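Take a look at the letters that make up each chain.
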Amino acid sequence: MKAWQFTGIREPLKLIEIEDPVPGPGEVGIDVHAVGLCHSDVGVLEGVTTASLGKIPIILGHEIAGVVNAVGEGVTDFAVGDRVCVRAGADSPGAATDGGYAEKTVSKADFVVKLPDSIPFTVGAAATDAGMTSHHAVIGTGGVKAGDRVGIVGAGGLGMIGLQIAQAAGAKVYVAEPRESARQVAQKYGVEKCVADVSELAGEELDVVVDFAGFSTTTAGALNAVKAGGTVVLAGLGAPETTFPTLTLVVRTIRLLGTLGGEREDVKRVLEYVDQGKVEFTLTEISFDEIPDGLQKLEEGKVDGRLVAKIRD
């Protein structure tokens, strides 16, 4: 099979031809139909997150969707021909083991989720990371529920999905996003209020604010937008360090929580929302051969929504 292999920091991905992977006990073999390209892979190429890899060289690509081609000993929940996607994470293919920038891959069955026939492989791939991470931030960590008033700071790839998830849970959503084009998209989803800066949400007394940006100004602004006793979830890593008024945090008894990634159940829930028409993804499709160029465009900030390589129909 063909695959794009990472061999070292600031080295171009290498197109290789290797033997098809074979699943071992508790594993599932997958024909990759679509794989998402993620900013974390750009971080690997640049040396920012390279140390988190399970091995080098490695085939990157952790947002995987495809069809089961074989099952290992002890696997009973999946069968050859099943449409599936793979929960992304530090222990998943594309990070710990060879991933989806390839025609085939292997995953632990515990990471695999069945993909409904109604959902395209490209969408399934995006749901494994962006969808999962957004759902875990909003629902898993933030505890958003029906009737809540929720602030979403940053309407980028994750934030745009996060606001839809909050609405699907029955919450009223308020958005802070500096880019006018993104604000226009957010307003199409019927949010309660859409502003350029989170400081404009001060005094809104929101139940939960999820900061998908992660800068000092955005986190500090979130503390002023949430109600006393409310929750601020920090999901973004826009800056390596952040400062905020501790008096606001302490006196108003605000919970400040960090969140990262998610679980297989988050992926399942996002797929349910997609199947119900409550959540949609903005995708840009490319081919297998365009994966290196796609990562370059990600680094340059030239991609709207999620970038997904379609490997096969």
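Residues numbered from 1 in each chain as written. Predicted model: local features only at pLDDT ≥ 70, side-chain atom pairs only at ≥ 80, totals over all residues. Heavy atoms only, no water.

- In the nomenclature of an unreviewed UniProt entry, the chain is known as alcohol dehydrogenase of Mycolicibacterium phlei DSM 43239 = CCUG 21000.
- According to UniProt, the comment filed for the chain under the heading Cofactor (unreviewed entry) is "Zn(2+)". (UniProt positions renumbered as here; feature names shortened; annotations may be inferred.)

Considering the environment of Ile311
Then, number 1: Here Ile311 is to be found in the segment after strand S16 (306-310).
Then, number 2: With sequence-adjacent residues up to four places away left out, Ile311 is seen in contact with Val32, His33, Ala34, Val35, Ala102, Glu103 and Phe288. (Helix = DSSP H or I, 4+ residues; strand = E, 2+ residues; numbered from the N terminus. Contact = heavy atoms within 4.5 Å.)

Overview of the environment of Val232
Then, number 1: Note that Val232 resides in strand S13 (residues 226-234).
Then, number 2: C-alpha separation for the pair Val232 and Ile254, spaced 22 residues apart in sequence, amounts to 7.3 Å.
Then, number 3: Once residues lying within four places of it in the same chain are set aside, the contact partners of Val232 are Val209, Ala222, Leu223, Val226, Ile254, Arg255, Leu256 and Leu257.

A closer look at the packing of helix H2 (residues 121-141) against helix H3 (residues 157-168)
Then, number 1: Packing of H2 against H3 leaves a shortest axis separation of 9 Å and a crossing angle of 55°. Compared by their axis directions, H2 and H3 come out oblique. Of the two elements, H2 crosses H3, and the hand of that crossing is right-handed. Two secondary-structure elements touch here, H2 through Ala130, Gly131, Thr133, Ser134, His135, Val138 and Ile139 and H3 through Leu158, Ile161, Gly162, Ile165 and Ala166. (Axes fitted to C-alpha atoms, helices over the stretch in contact; angles between N-to-C directions. Parallel < 35°, antiparallel > 145°, perpendicular 65-115°, else oblique. Left-handed = near helix turned anticlockwise from the far one by under 90°.)

Details of the state of the cysteines
Then, number 1: Going through the model one piece at a time under the given rule, you end up with 0 disulfides.
Then, number 2: There is no disulfide at Cys38, and the cysteine sulfur nearest it, in Cys85, is 15 Å away. (Disulfide = S-S within 2.5 Å.)

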